[in-house]
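# Structural overview for review
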Amino acid sequence: MASHSSISLEDPVFSYSQFACIGSGFSAIALGATLQRWYGITDIRFFEKQSQLGGTWHINQYPGCACDIPSALYSLSFECNPNWTRVLPTYAELWEYINGVARKYDLVDKMTFGAAVERCVWIEDKGRWRMWIRQKQTGQVIVHECQFLYGAVGFFDQPRELEIPGAERFQGPMFHSARWRHDVDLTGKRVVVFGNGCTGSQIVPAIVDKTTSLTQVVRSKHWVYPPIDEKVPLWLMFTLANVPGTMQLQRFLMFIKMEVEFIGFWDGKFAKAFRKKRQRQVEAYMRAVAPEKYHDLLIPDFEVGCKRRIFDSGYLKSLHNEHLRLTDEPVEEILPHGLKMKSGEIIEADVIVMANGFKTNEFFLDCDIVGRGGETIHEHWKSFGGAEAYTCESLSGFPNFFLLGGPNVATGHTSFLIAVENAINYSLRIIEPLLKGKGSVAEVKRKAEEKYVQSLHHALQDTVFSTGCSSWYNRTVDGKKPWNASAYPWSQAHHWYSCLFPSWKDWRLSGQTEKNKIVKQSHTLTRLLTLTAFTLGMVFWSRRNPNTVLASLLAQPRTILPWLAGAAVKSGTEAFAVIRGTWS
Ligand SMILES: Cc1cc2nc3c(=O)[nH]c(=O)nc-3n(C[C@H](O)[C@H](O)[C@H](O)COP(=O)(O)OP(=O)(O)OC[C@H]3O[C@@H](n4cnc5c(N)ncnc54)[C@H](O)[C@@H]3O)c2cc1C
């Protein structure tokens, strides 16, 4: 956790925006665009600690880096793209797409880069979030306030360390896949790659031919599915670009196809039979393509789906390369020029690449969010046993705060972006009354959050994620009881439906911001002044025109008095409520 010794509640506030978002990845950009599309709201600021927008697709630039969900679905529903060149495009193409969406909605000017959000505190009497943001280049801290705070900090923000002694002594370049050193040329080098998950299995085929030797050190096994990537044919690109509705149809069919795969994630006879069938197909593929000598190292004994699927991008074939070696022997120590294995063997290396993944199941490791009554987000999560959120995005005691891509939003079978869009739409439905001036604070109730989390974790017990493998979905944090803060146990159709119809009884909408209070006070004052002026005007006019019908009506106390009394009582009550601050 960052040190907050240099920041204080007394720090002067530099700026205000109605909305503020931590991060500038897919989730943040989808939020900015949706706010405009739905409500025409442009009053939002994004704070991003990296030097560029794009999140995952700016941070991960390793050779072979690409998505593993078809781009027709791994893109935003309201910005379908006919120009994807591949089914699984590279990070560069994905970044171009995100950048294009950000520019189309004029979001880039609203972003501050190199700005690490270190602390956000709910200021009760203002009904606002106050944010302390450190500018990485100067070290200066700026203070920003907003009414609605969104945390779009991603699932894979913090690379994992390598738990092998001696790393500091290694004399060559040693870097994590998410910190790829483009200045390091791997041509003719002896390279060691740690890890064989989604990332490791993309890097190896992309670099193996450059190296003189490549040793891949693995600790676990993965189901490697047959490839799904290929070039998008020109006729299809042409059709998608020119025939209205085809992109949406393609996306819909893709969505259905992926949702059918979700059957394999359930418990029960049918799901097990579904998995067995998949397992047989995948195992046959792995045995046919990978070298026989590595079958025991590669083929898992756990069920398919328990860990994230890997779609082969040339990995299994690359294992035939004669200067590639795959080993699961434990590494005892990192030496200045290589590795010392448990057997005592020394493996010489010029470059070490860590494709060992990220710290998962934990969020906001470098930023503190402090809610109502001074409770921090980490204290809040401790009281639940781990990171969690109501509908994967809201926490009681943290008003007007939403997590995008938050706890349990990941799926094993479909696009993360569908879940993110659902979350955005849900939060905007919740705050819609506030945007229309009916209150200014939205907060989920603790009881509702507890109930939701209980049912989610109960449902997780009945999924493939709980069938015994160790994966990033359920990695334990600090040796604590396993807590799956990653996977969503239900289908995305379920997520979409539950986000479409919020359960309003789980929410409390109330309060007032300073701005609203002033607006409402001035409304009340205007109403009282108008009423007084109107009444005086009428009296004055009827005195000057005593013989008119209106004057004789007004002269009847029974006509005018009830109306005047009703208006006075209503205005008086409102004025009293506004002054006491109880308007909701
Ligand atoms: C290599 C890789 C491949 C993936 N492939 C797929 C795929 O094929 N399909 C799929 O569905 N998902 C995939 N994912 C998951 C992917 O992360 C999400 O799909 C999606 O891109 C997440 O977007 P996001 O905006 O929520 O988070 P991110 O893209 O992670 O962006 C979060 C941003 O927040 C910033 N940030 C964090 N903390 C702070 C702070 N304190 N102050 C300021 N800024 C901060 C980060 O710098 C980052 O830019 C992949 C992930 C990785 C790492």
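Residues numbered from 1 in each chain as written. Predicted model: local features only at pLDDT ≥ 70, side-chain atom pairs only at ≥ 80, totals over all residues. Heavy atoms only, no water.

## Regarding the overall build of the protein chain
For the record, the criterion: In DSSP terms, a helix is any run of H or I states spanning at least four residues, a strand is any run of E spanning at least two, and both are numbered starting from the N terminus. Burial classes: relative accessible area under 20% of the type maximum marks a residue as buried, over 50% as exposed, and values in between as partly exposed (1.4 Å probe, protein chains only). Contacts are assigned to residue pairs with any non-hydrogen atoms lying within 4.5 Å of each other. For every accessible area listed, the method is Shrake-Rupley and the probe measures 1.4 Å; residues are considered covered only by the protein chains on display.
Within the protein chain one finds 16 helices and 20 strands. Looking at the protein chain residue by residue over its 584 residues, the buried ones come to 54%. When contacts within the protein chain are restricted to residue pairs at least 6 apart in sequence, long-range pairs at least 24 apart make up 73% of them. For the protein chain, the computed accessible surface area is about 27,000 Å², with 57% contributed by carbon and sulfur atoms.

## With respect to the state of the cysteines
For clarity, the cut-off: Disulfides are defined as pairs of cysteine sulfur atoms found within 2.5 Å of each other.
Under the definition given, this model contains one disulfide. The thiol sulfur of cysteine 67 is not disulfide-bonded, and the nearest other cysteine sulfur, from cysteine 65, lies at 8.9 Å. You can call cysteine 67 buried: its relative accessible area is 5%. Not part of a disulfide, cysteine 499 finds its nearest cysteine sulfur in cysteine 392, a span of 7.8 Å. Given a relative accessible area of 1%, cysteine 499 falls into the buried group.

## Details of the site of the ligand
What counts here: Neighbouring residues are identified by heavy atoms, a residue being near a molecule or strand if any of them is within 4 Å of it. Polar contact is the term for a pair of N or O atoms within 3.5 Å; when the atoms are in protein, one must be able to donate a hydrogen and the other to accept it, and sequence-neighboring residues count only if both atoms are side-chain atoms. Residues are grouped as follows: Ala, Val, Leu, Ile, Met, Phe, Trp, Tyr, Cys and Pro are nonpolar; Asp, Glu, Lys and Arg are charged; all remaining types, including Gly, are polar.
Inspection of the region around the ligand gives 32 residues, with Ser27, Glu48, Thr56, Asp68 and Tyr74 positioned closest. Measuring from an oxygen atom of the ligand, one finds a backbone N or O atom of threonine 56 at 2.7 Å. Note that an oxygen atom of the ligand is positioned 2.8 Å from one of the backbone N or O atoms of phenylalanine 416. Contact with the protein chains removes 95% of the 980 Å² of surface that the ligand exposes when unbound. Of all the elements in the fold, those that place two or more residues in the shell around the ligand are α1 (26–39), α2 (56–59) and β4 (115–123). Here the shell around the ligand is composed, by residue class, of 17 nonpolar, nine polar and six charged.

## Remarks on the pattern of salt bridges
In plain terms, the rule: Salt bridge, as used here: a side-chain nitrogen of Lys or Arg that lies within 4 Å of a carboxyl oxygen of Asp or Glu.
Tallying each qualifying case throughout the model produces 27 salt bridges. Salt-bridge contacts for aspartate 183 lead to arginine 181; the nearest nitrogen and oxygen are separated by 2.9 Å. Aspartate 183 sits in the exposed class, given a relative accessible area of 58%. With a shortest N-O distance of 2.4 Å, glutamate 261 and arginine 278 are connected by a salt bridge. Of this pair, glutamate 261 sits in helix α6 (residues 246–261) while arginine 278 sits in helix α7 (residues 269–289), placing them 17 residues apart in sequence.

## Looking at the side chain of glutamate 388
Definition in use: Counted charges follow a simple rule, with Lys and Arg positive, Asp and Glu negative, and His plus the chain ends left uncounted.
As for its position among the elements, glutamate 388 is in the loop between α10 (377–382) and β18 (401–403). Despite its burial, glutamate 388 pairs with no opposite charge; the closest candidate is arginine 446, at 6.7 Å N-O.

## Structural notes on empty space enclosed by the protein
Filter applied, for reference: Grid points spaced at 1 Å over the protein atoms alone were grouped into cavities, where a 1.4 Å probe fits but cannot get out, and pockets, open sets with protein on both sides within 12 Å along at least five of seven lines, with lining residues defined by an atom within 4 Å of a point. Grid points are joined across faces, edges and corners, and a volume is the space filled by probe spheres set on the points.
For the structure on display, the rule yields three cavities of 30 Å³ or more. Estimates place the volume of the largest cavity at around 70 Å³. In terms of lining, the largest cavity is formed by Tyr225, Glu261, Gly264, Phe265, Phe274, Arg275, Arg278, Val304, Gly305 and Arg309. The biggest single contributor to the lining of the largest cavity is α7, with three residues. Looking at the lining of the largest cavity residue by residue, the class counts come to four nonpolar, two polar and four charged.

## Brief notes about the layout of surface pockets
Once rolled over the atoms, a probe with the size of a water molecule shows which space is left empty. Estimates place the volume of the second largest pocket at around 660 Å³. If you go around the second largest pocket, you meet 33 residues; those closest to its centre are Pro70, Val87, Ile228, Met254 and Lys257. Going through the elements one at a time, α5 (234–242), α6 and α7 are the ones with two or more residues in the lining of the second largest pocket. Per-element tally for the lining of the second largest pocket: the top contributor is α6, with seven residues. Here the lining of the second largest pocket is built from residues that sort into 19 nonpolar, five polar and nine charged.

## Re helix α11 (residues 416–435)
Formally: Every helix has an expected span of 1.5 Å times one less than the residues it contains. In this scheme, the bend at a residue equals the angle between the axes fitted to the seven residues that finish there and the seven that begin there.
Look at α11: 27 Å from first C-alpha to last across 20 residues, which is about the 28 Å you get at 1.5 Å a residue. A maximum bend of about 35 degrees is found in α11 at arginine 429, where proline proline 433 lies one to four positions downstream. When you tally the buried positions in α11, you get 16 out of 20 residues, the bulk of the element. Near the N-terminus of α11, the side chain that reaches the backbone nitrogen of leucine 417, with its oxygen 3.1 Å away, is that of serine 415. The first or second residue beyond α11 is glycine 437, which carries a positive phi of 90 degrees.

## Points about the nonpolar core
Generally speaking, soluble globular proteins have nonpolar side chains that are buried together. For the record, the criterion: In this text, buried Ala, Val, Leu, Ile, Met, Phe, Trp, Tyr and Cys residues form a nonpolar core when linked through side-chain atoms within 4.5 Å.
Counting residues in each nonpolar core, the largest one holds 142 residues, and the members touching the most others are Met131, Tyr150, Phe364, Ile369, Phe401 and Ile431. Element by element, the count of residues in this core is highest for α11, at 11 residues. Other than its neighbours up to four places away in sequence, phenylalanine 401 contacts Trp129, Leu149, Gly151, Phe364, Ile369, Ile377, Glu393, Ser394 and Leu395. Core analysis: the second largest hydrophobic core is formed by 14 residues, Phe170, Ile334, Leu339 and Met341 among them.

## Focus on the sheet that holds strand β8 (residues 190–194)
In a beta sheet, neighbouring strands are held together by backbone hydrogen bonds and run either parallel or antiparallel to one another. Formally: Strand pairing is assigned whenever DSSP identifies at least 2 bridges connecting the two strands. Axis definition: a line fit to C-alpha positions, over the contact stretch in the case of helices; interaxial angles, taken between N-to-C directions, run 0 to 180 degrees.
Taken together, five strands build an open sheet; the order of strands is β7-β16-β8-β9-β12 and the sheet is parallel. Single-partner strands in this sheet number two, and they are β7 (174–176) and β12 (324–327). Going from strand to strand, the sheet's axes swing by 15 degrees on average, the running direction of each strand aside. For β8 and strand β16 (residues 351–354), the ladder comprises four bridges, and the chain directions are parallel. In the strand pairing of β16, valine 191 is matched with valine 351. Docked against the sheet, helix α4 (residues 200–207) engages β8, β9 (213–217), β12 and β16, running at close to 170 degrees with respect to β9.

## Details of the sheet that holds strand β13 (residues 331–335)
Spatially, three strands are ordered β13-β14-β15 in an open sheet, and the strand pairing comes out antiparallel. The two strands at the open ends of the sheet, each matched to only one other strand, are β13 and β15 (346–348). For this sheet the average axis-to-axis angle between neighbouring strands, irrespective of direction, equals 20 degrees. Examined bridge by bridge, β13 and strand β14 (residues 338–341) share four bridges and lie antiparallel to one another. Following the sheet pairing, glutamate 333 is matched in β14 by lysine 340.

## Some thoughts on the environment of leucine 500
Considering the arrangement of structural elements, one finds leucine 500 in helix α13 (residues 492–500). A C-alpha to C-alpha distance of 9.7 Å links leucine 500 and alanine 423, two positions 77 residues apart in sequence.

## Some details on the packing of aromatic side chains
Quick note on the threshold: Aromatic rings from Phe, Tyr and Trp, taking only the six-membered ring of Trp, are treated as a pair when their centres fall within 6.5 Å; an angle between ring planes under 30 degrees marks them as stacked, one over 60 as edge-to-face, and anything in between as tilted. Working rule: Lys NZ or Arg CZ, within 6 Å of ring centre, within 35 degrees of ring normal, means a charge sits over the ring.
Taken as a whole and assessed by the stated rule, the structure comprises 30 aromatic pairs. Arranged with centres 6.3 Å apart and planes meeting at 55 degrees, the rings of phenylalanine 364 and phenylalanine 401 form a pair that is tilted. A residue pair is termed long-range when its members are at least 10 positions apart, and phenylalanine 364 in the loop between β16 and β17 (368–370) and phenylalanine 401 in strand β18 qualify at 37 residues. Comparing phenylalanine 364 with phenylalanine 401 shows no difference in burial state: the two are buried. Here a set of aromatic residues connected by ring pairs shows up, and it is made of Phe19, Phe148, Tyr150, Tyr390, Phe402, Tyr426, Tyr452, Tyr488, Trp490 and Trp507. Taking the ring centre of phenylalanine 78 as reference, the NZ or CZ of arginine 37 above it sits at 4.1 Å. The lysine or arginine in question, arginine 309, covers the ring of tyrosine 225, its NZ or CZ lying 5.9 Å from the ring centre.

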